[in-house]
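Close look at the chain arrangement
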Amino acid sequence: MSGVTNRTLRALYKPFGLGLTVTEFVSSNALQYGNRRTMEMIDQHGLEHPVSTQLWGNDPQIMAYAAKVVRECGADIVDINFGCPAPKVTKTEGGSACLRDVDRCEAIMRAVVEAVDCPVTVKMRLGWTEQDLVFVEVAKRAQAVGVQAVTLHARTARQFYKGSADWEHIAVLKRAVDIPVIGNGDLDDPSLAMERMRESGVDAVMLGRAVLGNPWLISALRSLMEGEQPQPYPPSAARLRYAIHHYRTMVAEWGEERAVPQMRKHLGYYLKGFAGASELRERVMRTAGAEETIAVVEETTARLESQALVA
Ligand SMILES: Cc1cc2nc3c(=O)[nH]c(=O)nc-3n(C[C@H](O)[C@H](O)[C@H](O)COP(=O)(O)O)c2cc1C
């Protein structure tokens, strides 16, 4: 997930039970120039394998070149993005805009599959608009050129994040192809994810927004998948302790200047669901640096812990 799933986050959350993590999407054009920030995004060193690197672009040859680069940099899987609806991506015909031209999708998939000696997967939306649902066609072509799995976020590009993901379409896709299908969209509860898996018959599910600030969703779902009773989500104080750990790890790995703005976003995800959460979020937004922010979160954490002891 762009701007979110950097290396640190993926390393922190994987032990909660994720089978596979995917990098932020990376522009194939940018990879051609070896831009330092782009190279950081594809850095998979030290992460538990398998790892997947996601690419976006519209030119089959540039995508093939980029695939070779990310493979050399450690990717076990190259994932192609046909899903991003952001205008900065679609105005260059990348991401979900590729779905407006299924021949081009096929050319990109073929070129990438031929370029690398590892599995290639595709992540897509249903189509550009409701009138143009091309997901089955694209998945069939994916299968024909040697793509090894497809993930479907069951919204159209035009929908952005409005409405809800239509899992009926995911079930249709599962019946239409033989390669593994991964279902995605609006899974924010472990029991719901199990139900969606059962109903649609998918081989796996992809978790997105709901995991941010709540990696315990992953362990709960993993338990259910293994036929075990999940642990309840930890109390607020334990969640805040983990947020502090996340913060310190980010500062250690990225330096304060780069960690602070990223962690503002993540703290927004962690600081939810307990009495005083919104006041704490406001206080955190007014802090100047990492130590001050951590001290403010520490103070609330200690208060919640002592309240729990009294209770
Ligand atoms: C901030 C943000 C960044 C995202 N970046 C990517 C991305 O780089 N690649 C991708 O395939 N999907 C990306 N997505 C889409 C998610 O992977 C996922 O398909 C979508 O959020 C629906 O799943 P969810 O309801 O579980 O979040 C992003 C979503 C958000 C909210």
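Note that the structure is predicted; figures quoted are calculated from it, not measured. (Residues numbered from 1 in each chain as written. Predicted model: local features only at pLDDT ≥ 70, side-chain atom pairs only at ≥ 80, totals over all residues. Heavy atoms only, no water.)

Re the pattern of salt bridges
A side chain with one charge can pair with a side chain of the opposite charge if their charged atoms come near. According to the stated counting rule, one finds 20 salt bridges in the structure shown. For the salt bridge of Arg 100 with Glu 93, the shortest nitrogen-to-oxygen distance reads 3.0 Å. Of the charged contacts in the structure, one is a salt bridge between Arg 222 and Glu 226, with a shortest N-O distance of 3.4 Å. Assessed through its relative accessible area of 31%, Arg 222 is described here as partly exposed. Sharing partners across several salt bridges, the network here consists of Asp 103, Glu 106, Arg 110, Glu 137 and Arg 141. (Salt bridge = Lys/Arg side-chain N within 4 Å of Asp/Glu carboxyl O. Buried < 20%, exposed > 50% of the residue type's maximum accessible area, 1.4 Å probe, protein only.)

Some thoughts on the domain arrangement of the protein
Entries for the protein in the domain assignment read domain 1 (7-225) and domain 2 (236-310). Each partner contributes to the interface: domain 1 provides 13 residues, whereas domain 2 provides twelve residues. Where domain 1 abuts domain 2, roughly 1100 Å² becomes buried across the two surfaces, and 63% of that area is made up of carbon and sulfur atoms. Ranking the residues of domain 1 by area buried against domain 2 places Thr 8, Leu 12 and Trp 216 at the top, with a combined share of 43%. Where domain 1 touches domain 2, the interface holds two salt bridges. Between Glu 40 and Arg 258 there is a salt bridge, with the nearest N and O atoms lying 2.7 Å from each other. Applying the counting criterion to the domain 1 and domain 2 interface returns five residue pairs in polar contact (both at pLDDT 80 or more). Residue assignment for the side of domain 1 that touches domain 2 shows that the elements contributing at least two residues are helix 1 (7-13) and helix 3 (36-41). Top contributing element to the side of domain 1 that touches domain 2 by residue count: helix 1, with five residues. For the side of domain 1 that touches domain 2, the class distribution of residues is seven nonpolar, two polar and four charged. (Domains from an automatic or database assignment. Contact = heavy atoms within 4.5 Å. Buried area = accessible area lost by both parts, 1.4 Å probe. Polar contact = N/O pair within 3.5 Å; in protein donor to acceptor, adjacent residues only side chain to side chain. Helix = DSSP H or I, 4+ residues; strand = E, 2+ residues; numbered from the N terminus. Nonpolar A, V, L, I, M, F, W, Y, C, P; charged D, E, K, R; others polar.)

Focus on the nonpolar core
Across soluble globular proteins, you tend to see nonpolar side chains buried next to one another. Ranked by internal contacts, the top residues of the largest apolar core, which has 54 residues, are Phe 82, Met 109, Met 124 and Val 150. Of all elements in the fold, only helix 4 (60-72), strand 4 (77-82), helix 6 (102-115), strand 5 (120-125), helix 7 (135-145), strand 6 (149-153), helix 8 (167-176) and helix 9 (190-200) reach the threshold of two or more residues within this core. With eight residues, helix 6 is the largest single contributor of residues to this core. If sequence neighbours within four positions are ignored, Val 150 has contacts with Val 122, Met 124, Ala 139, Ala 142, Leu 173, Ile 179, Pro 180, Val 181 and Ile 182. With 33 residues, the next largest nonpolar core counts Leu 12, Trp 216, Trp 254 and Leu 280 among its residues. (Core = buried A, V, L, I, M, F, W, Y, C linked by side-chain atoms within 4.5 Å.)

Observations concerning the packing of aromatic side chains
Scanning the entire structure with this criterion turns up seven aromatic pairs. Taken together, a centroid distance of 6.1 Å and an interplanar angle of 75° make the contact between Tyr 13 and Phe 16 edge-to-face. There is no split in this pair, since Tyr 13 and Phe 16 are both buried. A ring pair is formed by Tyr 242 and Tyr 270, whose centres lie 6.3 Å apart and whose planes are at 50°; its orientation type is tilted. With a gap of 28 residues between them, Tyr 242 in helix 11 (residues 236-254) and Tyr 270 in helix 12 (residues 256-270) connect regions that are remote in the sequence. What links up through ring pairs into an aromatic cluster is the set Tyr 13, Phe 16, Trp 216, Tyr 242 and Tyr 270. Here Arg 100 stacks its cationic end above the ring of Trp 128, 4.1 Å away from the centre of that ring. Between the NZ or CZ atom of Arg 125 and the centre of the ring of Tyr 161, over which it lies, the distance is 5.1 Å. (Phe/Tyr/Trp six-rings, centres within 6.5 Å; stacked < 30°, edge-to-face > 60°. Lys NZ or Arg CZ within 6 Å of the ring centre and 35° of its normal.)

A look at helix 11
Residues that lie three or four places apart on an α-helix share one face, since the helix turns once every 3.6 residues. With 19 residues, helix 11 should reach 27 Å at 1.5 Å per residue; the first-to-last C-alpha distance of 26 Å fits that figure. Ser 236, Ala 237, Arg 239, Leu 240, Tyr 242, Ala 243, Ile 244, His 246, Tyr 247, Thr 249, Met 250 and Trp 254 are the residues of helix 11 that are buried. Contact partners of the buried residues in helix 11: helix 1, helix 3, helix 10 (216-225), helix 12, helix 13 (277-286) and helix 14 (290-310). (Expected span 1.5 Å × (residues − 1).)

Observations concerning the packing of helix 6 against helix 7
Contact pair helix 6 / helix 7: the axes reach a minimum separation of 9 Å and the direction vectors enclose 25°. Classified by the interaxial angle, the pair formed by helix 6 and helix 7 is roughly parallel. Relative to helix 7, the crossing made by helix 6 is right-handed. Where helix 6 approaches helix 7, its residues Val 102, Asp 103, Cys 105, Glu 106, Met 109, Arg 110 and Val 113 are matched on the opposing element by Glu 137, Val 138, Arg 141, Ala 142 and Val 145. Considered class by class, the residues forming the contact of helix 6 with helix 7 number seven nonpolar, no polar and five charged. (Axes fitted to C-alpha atoms, helices over the stretch in contact; angles between N-to-C directions. Parallel < 35°, antiparallel > 145°, perpendicular 65-115°, else oblique. Left-handed = near helix turned anticlockwise from the far one by under 90°.)

Here we look at unusual backbone geometry
In the segment running from His 49 into Pro 50, the intervening peptide bond is cis, with an omega of 0°. Residue position: Pro 50 is located in the loop between helix 3 and strand 3 (51-56). With phi around 50°, Phe 160 is a residue other than glycine that occupies positive phi space. Within the secondary structure layout, Phe 160 lies in the loop between strand 6 and helix 8.

Some remarks on the site of the ligand
Close contacts around the ligand come from 13 residues, with Ser 2, Gln 54, Asn 184, Asp 186 and Arg 209 the closest. Here an oxygen atom of the ligand sits 3.1 Å away from a polar atom, N or O, in the main chain of Gly 208. Taken by itself the ligand offers 610 Å² of open surface, and the protein chains cover 83% of this. Partitioning the shell around the ligand into residue classes produces three nonpolar, seven polar and three charged. (Near = heavy atom within 4 Å. Areas by Shrake-Rupley, 256 points an atom, 1.4 Å probe, with all protein chains shown as cover.)

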